[in-house]
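Per-entry structural report
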Amino acid sequence: MGAVFTPEDRERIREILLARAARDARISGAAITGSAALGRQDRWSDIDLAFGVDGQVDPVLTDWTAHMAEAHGSLHHVDVIAGEWTYRVFLLPGTLQVDLAFAPAAEFGSLAPGFRLVSGRARGERTMPGPAPAHLIGFGWLYAIHARTAIARGEAWQAEYMISGVRDHAMALACLRHGLPAMHGRGLDRLPNELRSSFEAALVRSLDTAELSRAFESAVDRLSAAIRLADPDLSVRLEPELQTMTRTAR
């Protein structure tokens, strides 16, 4: 079992990457993003950097990916695409995550509060919109349908997965209402204590059918409450169907 990265490892690699960006004539701007830009970095924070690119982005991505493998021993990477941005996320030995975001120079700039320009130029601040309530509501009832069906069919593992989806989308709606990040669970631990605690009953504690049904009913109850607050008119249409789903999940 290998050693876990240290904060000193993280700082050293971040400085190497920023220095490399300063030498790369194709990089129009470089920024520290995420928790380090907000002064919230802790022992477990990863490295988040963003780069603007003059010209084609793909050759730069290819070169930087090779550098991550050759110089830092990258074990694997995965891409997240958002508009013109490519977020290439690397796993380094010692479980260090390095997120390198690349965008055309014209698009390079702040999309969220966590953005600190280190060198070069960036356009004015823009705000990336969070998920629409209607989108979260739609996936909430979709997960609920499949949870009901999985319970009825005796497919316990799928039921657990779908019940968790109902709960997670209801909690995302709560995050939106409280002005917290709604994606990837980033705002969940910052919800008011009483509200956050109200979702605990929607946790599945075993794969017994009776327990799945109980957790499903609680998850749907939390989803229904979230929909009522987000869109009362839509709630009137959806709530009878959600109640039918829990009643027929046996």
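We now turn to the structure provided with this report. All values derive from a computational prediction rather than experimental measurement.

In the sheet, strand 3 (residues 76-82) pairs with strand 4 (residues 85-92) via seven bridges, with the strands oriented antiparallel. Its bridge partner being in strand 4, Ile 81 is matched across the sheet by Thr 86. Counting the residues between successive antiparallel strands, the hairpin from strand 3 to strand 4 contains two residues, one of them, Gly 83, with a positive phi of roughly 60°.

One pass over the full model with this rule turns up seven aromatic pairs. On the basis of an interplanar angle of 40° and a centroid distance of 4.8 Å, the ring pair of Phe 51 and Trp 64 is categorised as tilted. Residue Phe 51 is found in strand 2 (residues 47-53), and its partner Trp 64 is found in helix 3 (residues 57-72); the two are separated by 13 residues along the sequence. By relative accessible area, which is 0% here, Trp 64 ends up buried. Judged by centre distance (5.4 Å) and plane angle (45°), the ring pair of Phe 51 and Phe 102 falls under tilted. Note that Phe 51 is positioned in strand 2 and Phe 102 in strand 5 (residues 96-104), a separation of 51 residues in sequence. A residue is classified by how much of its surface remains accessible, and Phe 102, at 1% relative accessible area, is buried. Taken together, the aromatic side chains of Trp 85, Tyr 87, Phe 108 and Phe 115 make up a single cluster linked through ring pairs. Lying over the aromatic face of Trp 64, Arg 20 brings its terminal NZ or CZ to 4.7 Å of the ring centre. Stacked on the ring of Phe 199, the Lys or Arg Arg 222 has its end atom at 5.9 Å from the ring centre.

Under the 1.5 Å per step criterion, the end-to-end length of helix 8 (residues 232-247) is 22 Å for 16 residues, consistent within 8% with the ideal 22 Å. The sharpest bend along helix 8 comes to roughly 40°, located at Leu 238, with the proline Pro 240 sitting one to four residues further on. Among the residues of helix 8, those classed as buried are Leu 234, Ser 235, Leu 238, Glu 239, Leu 242, Met 245 and Thr 246. Lining the buried residues of helix 8 we find helix 4 (133-153) and helix 7 (209-230).

On to the environment of Asp 168, then. Mapped onto the fold, Asp 168 is located in helix 5 (residues 156-177). Judged by relative accessible area, Asp 168 falls into the partly exposed class, the value being 37%. A C-alpha to C-alpha distance of 40 Å links Asp 168 and Gly 55, two positions 113 residues apart in sequence.

A few words on the sheet that holds strand 2. In spatial order, the strands read 3-4-5-2-1-6; together these six strands make up an open sheet with mixed pairing. Edge positions in the open sheet fall to strand 3 and strand 6 (115-120), since each of these has one partner strand only. Strand-to-strand twist in this sheet, taken as the mean axis angle between neighbours without regard to direction, amounts to 20°. In the sheet, strand 1 (residues 27-33) pairs with strand 6 via five bridges, with the strands oriented antiparallel. Residue pairing across strands places Gly 29 opposite Gly 120, the latter belonging to strand 6.

Reading guide: rules and limits
Residues numbered from 1 in each chain as written. Predicted model: local features only at pLDDT ≥ 70, side-chain atom pairs only at ≥ 80, totals over all residues. Heavy atoms only, no water. Pairing = 2+ DSSP bridges. Helix = DSSP H or I, 4+ residues; strand = E, 2+ residues; numbered from the N terminus. Phe/Tyr/Trp six-rings, centres within 6.5 Å; stacked < 30°, edge-to-face > 60°. Buried < 20%, exposed > 50% of the residue type's maximum accessible area, 1.4 Å probe, protein only. Lys NZ or Arg CZ within 6 Å of the ring centre and 35° of its normal. Expected span 1.5 Å × (residues − 1). Bend = angle between axes of the 7 residues up to and from the residue. Contact = heavy atoms within 4.5 Å. Axes fitted to C-alpha atoms, helices over the stretch in contact; angles between N-to-C directions.

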